[in-house]
Amino acid sequence: MADGSKQSKAVRDTPRDRLEATMALDADASAVRLVSPARAAALRKLGVRTVRDLLEHFPRRYVDLSSVQTVCRAAIGENCTVNGRVHEVKLKRPRRNLSLVEISLVDDTGVLMVTAFRQPWLADQIKPGAAVAVAGKVEFNYGFKRMTNPFIEVLDDASGQTGGLVVPIHPATEKLSTAWVRRLARNALQHTAGMLDPLPLELRARRGLMSRGCAFNAIHFPRSMAEQASARHRLAYEEVLFLQLQLMRDESLSREGRAAVSHCVDGHRVSELSAALPFELSAEQRSAVGEILSVLAAPKPANHMLLGDVGTGKTVVAAHALAAVADTGTQAALMAPTEILARQHAATLGPLFDRVGVIWDVLTGSTPADARALLLERVAAGVVDVLIGTHALIEDAVRFKDLSLAVIDEQQRFGVDQRAKLVGKGSCPDALFLTATPIPRTLALALYGGMTLSYLHHRPAGAAPRATRVLTKDSRGIAYDAAKEALARGEQVYVVCPLVGASTVEGGKSADGGSQAESEYVYASISIESDDDLCEAELSSAEGEAAFLQAKVFTDHTVELVHGKMPARRKQEVMERFRSGQTQVLVATTVIEVGVDVAQATVMIIEDADRFGLAQLHQLRGRVGRSGLPAQVFLVSSSRSEQALARLAAMEGTDDGFELASFDLSLRREGDILGNRQHGASGLKLVNVVRDAALIEAAHEDARAIIEADPLLEGEDVRALAREARLSFSRSTEFQGG
């Protein structure tokens, strides 16, 4: 825009102009100057449809021309920027279909040779005598320092500089170059100049944030990398703030006008349950119990998540909440994703409940019809305090007299609608979600900002040690030897086979009927969550492994196979034989990932371990070492990928699932927090949950304060915030409580 145009804009900088500039954010991208129909089509391929989208199409990297080295001081093997004069330009065609432009660049200290492959037009654009800056990795061969395919910027001959010392590199397409995207981004900034800032001035001042308009300008066209960092911080903060506000407002809306139960948390069943335990709760467990009972006692609906690493004792913590419901005289439901896990909960909690006077029962898909009818009558009459079961609990025939608490174990295994249906069986029950997937706090805030959270990081004192070792395919005999030694001691072995190929999980359904997409976690680098999507080729592969092990490796022991394609009753029978010790070696797919406790299982061999994400590997290895016996896990891989091997090596270094999750997150690209599978499209483009932990905490704290003052964001002073949150994240799909 010419200087005269800038003056004209400044003169027209009235409140009405600012409002129009703000409303222009959501106009079609074609409203921006030079966005022709063809360019609009190219932008749509980049996911850009509105002016806002164009402003949020941030540069993927920057070339910092402010940090310049001479040819002499440019370090070989390092990336740097060199300014100089073009001495000679040659267009060469060493072979058919291959062209290269060779540019000799000189400064006062030496000569730098620049080679640009398949860019013949550079020979016409760059002439001898031109001042240019090149940025790239310095190499040395044939007697010269060289750069291959560097970023090249023609400098203004008078000043020796570009229009800016930091050059943004925007994501582009074949039909829309980086230079054109940069030009359209500048035009979009001009189109929205003077936009209103949705963040209150007091909040910006307290957090030291630049204005929104300045931030958009500085992130696209920064004068320095420090300015770019400040702009990114401001825009990342508002991304998280808007998400938190939307999640919290959705939670407020879901419970509006519904009276919650204030549970009795100091009754005799709760106190007797603690005394009835055959062990003493850890400090973390006592803290989690206190936090959960506190939200249950509050006069507003609870929406709480207990995040506990594998083997940290989530179930016994949740048992205290269930006992509090019995003390209150109301009812609770505990829903598990599989019949195996539901009956395991019954076997674990039932004797404790019997000792303290909590009336309980179990309902699954295999409950006989006559027993089912009688059980449903008792539940409807309010006789049963706690009903444990599978997705059978959400069937229409199941009616509670007064459901005041819904507990959902391994909540990621259920679809949003299924979770909501269980909660909907009460007038306004509290909701408690359990997960063994280790989600770092900052990611949990991003995913579940509308919920309150409790954590269990550590296994109880005295838990058996569990060692993990990475092996190549050629050295898997080490794992077999360890397994044979364990079998000789009367212990048991898991051998886990992966689901190979991403195509097998697209559009799949989980065992409970929930969509596969809803059960995947974004930091499992390769998400293989449900083995119900196992194709026939992979089934025969798993069966082949079981046959091989029985015939060649564990010939003196019984080997069986379990996978998700088996009928539920057959799976139950196989697992029961393994649990009772009739089967010594179980070849399994990820069906054994959740909740299976076999005390004598001490060795796990995971084939093609590089096919799994770290979170899932950690879940799987949690199946061994459940008793006091030391456990060994062997990760077998044929991968030669450095990143894959580094991920597996991290499994050797720590048994802390939250630490592993943070490591896995650090390997992912910035902004990939919610993940397209979780929310349709991620609205978080700038945030990294590892690097931006403090920012996420700050935004969560500010959002909580705003929501506590105005739960539905209806006040005049937060109207702009409410609008931006709604537009940025339309509607959260996670945890609409009831």
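The following refers to the structure shown. (Residues numbered from 1 in each chain as written. Predicted model: local features only at pLDDT ≥ 70, side-chain atom pairs only at ≥ 80, totals over all residues. Heavy atoms only, no water.)

1. Focus: the overall build of the protein
Thought 1: When helices and strands are counted, the protein shows 25 helices and 23 strands.
Thought 2: Looking at the protein as a whole, 54% of its 738 residues are labelled buried.
Thought 3: Within the protein, contacts between residues at least 6 apart in sequence are counted, and of these 74% link residues at least 24 apart.
Thought 4: Here the protein has roughly 31400 Å² of accessible surface; of this, 51% comes from carbon and sulfur atoms. (Helix = DSSP H or I, 4+ residues; strand = E, 2+ residues; numbered from the N terminus. Buried < 20%, exposed > 50% of the residue type's maximum accessible area, 1.4 Å probe, protein only. Contact = heavy atoms within 4.5 Å. Areas by Shrake-Rupley, 256 points an atom, 1.4 Å probe, with all protein chains shown as cover.)

2. Some remarks on the pattern of salt bridges
Thought 1: Taken as a whole and judged by the stated rule, the model has 37 salt bridges.
Thought 2: In this structure, the salt-bridge partner of E20 is R16, at a minimum N-O distance of 3.4 Å. Taken together, the residues E20 and R16, both in helix 2 (residues 15–23) and 4 residues apart, mark about one turn of the helix.
Thought 3: Classification of E20 by relative accessible area gives partly exposed; the value is 44%.
Thought 4: K90 is the salt-bridge partner of E88, the closest N and O atoms lying 4.0 Å from each other.
Thought 5: Beyond isolated ion pairs, a larger network of salt bridges with shared partners links D26, R52, D197, R204, R212, R234, E238, R723 and E724. (Salt bridge = Lys/Arg side-chain N within 4 Å of Asp/Glu carboxyl O.)

3. Observations regarding the layout of surface pockets
Gaps between atoms show up when a probe of the same size as a water molecule is rolled over them.
Thought 1: Computed from the structure, the second largest pocket encloses a volume of approximately 980 Å³.
Thought 2: Together, 41 residues line the second largest pocket, and G311, G313, T348, D597 and R626 are the ones closest to its centre.
Thought 3: Put simply, the parts of the chain that give the lining of the second largest pocket at least two residues each are helix 12 (314–328) and helix 13 (339–356).
Thought 4: For the lining of the second largest pocket, the element with the most residues is helix 13, which contributes 7 residues. (1 Å grid on protein atoms, 1.4 Å probe; cavity = no way out; pocket = protein on both sides within 12 Å on 5 of 7 lines; lining within 4 Å. Points joined across faces, edges and corners; volume = space filled by probe spheres on them.)

4. Observations regarding helix 3 (residues 37–45)
Thought 1: Taken together, the buried positions of helix 3 are occupied by A40, A42 and L43. Here the buried residues of helix 3 occupy an arc of 160° about the axis, which is enough to place them on one side. Set apart from the buried face of helix 3 by more than 90 degrees, the exposed residues are P37, A38 and K45.
Thought 2: Looking at the buried positions of helix 3, the neighbouring elements they touch are helix 4 (51–55) and helix 6 (178–191).
Thought 3: G47 lies just past helix 3 and shows a positive phi near 85°. (Arc of directions from axis to C-beta.)

5. Looking at the sheet that holds strand 16 (residues 430–435)
Thought 1: With parallel pairing, the 7 strands of this open sheet are ordered in space as 13-14-12-15-16-11-17. Only two strands of the sheet have a single neighbouring strand rather than two, namely strand 13 (360–363) and strand 17 (452–456). In this sheet, neighbouring strand axes are inclined to one another by 20° on average, regardless of whether the strands run parallel or antiparallel.
Thought 2: Direction of pairing for strand 12 (residues 331–335) relative to strand 14 (residues 386–389): parallel, over a ladder of 4 bridges. Across the sheet, L334 pairs through a bridge with I388, a residue of strand 14.
Thought 3: Helix 11 (residues 283–297) rests against strand 11 (303–308), strand 15 (403–408), strand 16 and strand 17 of the sheet, and its axis sits at about 160° to strand 17. (Pairing = 2+ DSSP bridges. Axes fitted to C-alpha atoms, helices over the stretch in contact; angles between N-to-C directions.)

6. Quick look at unusual backbone geometry
Thought 1: Positive phi, normally seen in glycine, also occurs at N149, with a value near 50°.
Thought 2: The class for N149 is partly exposed, based on a relative accessible area of 40%.
Thought 3: Positive phi, normally seen in glycine, also occurs at D608, with a value near 50°.
Thought 4: Note that D608 resides in the loop between strand 22 (601–606) and helix 20 (614–621).

7. What to know about a nonpolar patch on the surface
Thought 1: Residues L19, M23 and L196 make up a contiguous nonpolar surface patch of roughly 270 Å² in combined accessible area.
Thought 2: The topology assignment puts L196 in the loop between helix 6 and helix 7 (201–207). (Patch = residues over 30% accessible without salt bridge, like charges linked within 9 Å, V, L, I, M, F, W, Y side chains within 5 Å.)

8. Description of the side chain of E724
Thought 1: Structurally, E724 is set in helix 25 (residues 719–729).
Thought 2: Look at E724 and you get buried, because its relative accessible area is 3%.
Thought 3: Beyond its immediate chain neighbours, meaning those up to four positions away, E724 contacts R52, P198, R212 and F242.

9. Section: the packing of helix 10 (residues 268–276) against helix 12
Thought 1: Their axes nearest at 7 Å, the elements helix 10 and helix 12 cross at an angle of 150°. You can see that helix 10 and helix 12 cross each other, and the crossing is right-handed. Two secondary-structure elements touch here, helix 10 through H268, R269, V270, L273 and S274 and helix 12 through A319, H320, A323, A324, A326 and D327.
Thought 2: For the contact of helix 10 with helix 12, the per-class residue count stands at 6 nonpolar, 3 polar and 2 charged. (Left-handed = near helix turned anticlockwise from the far one by under 90°. Nonpolar A, V, L, I, M, F, W, Y, C, P; charged D, E, K, R; others polar.)

10. What to know about the packing of helix 9 (residues 225–254) against helix 16 (residues 441–448)
Thought 1: The interhelical angle for the contact between helix 9 and helix 16, taken along N-to-C directions, is 60°, at an axis separation of 8 Å. In terms of orientation, helix 9 lies oblique with respect to helix 16. Across the interface between the two elements, L243, Q244 and L247 of helix 9 pack against L445, A446, L447 and Y448 of helix 16.
Thought 2: Among the residues forming the contact of helix 9 with helix 16, the class breakdown is 6 nonpolar, 1 polar and no charged. (Parallel < 35°, antiparallel > 145°, perpendicular 65-115°, else oblique.)

11. Re the nonpolar core
Thought 1: L241, L245 and L387 are the most contacted members of the largest nonpolar core, which has 89 residues in total.
Thought 2: With 11 residues, helix 9 is the single largest residue contributor to this core.
Thought 3: Residues L273, L281, I292 and A319 belong to the second largest nonpolar core, which totals 37 residues. (Core = buried A, V, L, I, M, F, W, Y, C linked by side-chain atoms within 4.5 Å.)

12. Let's talk about the packing of aromatic side chains
Thought 1: Under the criterion given, the structure shown has 3 aromatic pairs.
Thought 2: Relative to F554, the ring of Y480 has its centre 6.1 Å away and its plane inclined at 85°; by these criteria the two rings are edge-to-face. Highlighted residues: Y480 in helix 17 (residues 477–488) and F554 in the loop between helix 18 (536–553) and strand 20 (559–562), separated in sequence by 74 residues. Both residues of the pair, Y480 and F554, count as buried.
Thought 3: In this structure, R39 is placed above the aromatic ring of W180, and the distance from its NZ or CZ to the ring centre is 3.7 Å. (Phe/Tyr/Trp six-rings, centres within 6.5 Å; stacked < 30°, edge-to-face > 60°. Lys NZ or Arg CZ within 6 Å of the ring centre and 35° of its normal.)

13. A short note on the environment of L586
Thought 1: Positionally, L586 belongs in strand 21 (residues 585–588).
Thought 2: Overall, the relative accessible area of 0% leaves L586 in the buried class.
Thought 3: Not counting residues up to four positions away in its chain, the partners in contact with L586 are V493, Y494, V495, E560, L561, V562, V574, M575, F578 and I592.

14. A short note on the environment of E701
Thought 1: Structurally, the position occupied by E701 is in helix 24 (residues 693–709).
Thought 2: The exposure class assigned to E701 is exposed, which follows from its relative accessible area of 52%.
Thought 3: Considered as a pair, E701 and Q244 are 457 residues apart in the sequence and their alpha carbons are 9.3 Å apart.

Limitation: the analysis is restricted to geometry and does not speak to function.
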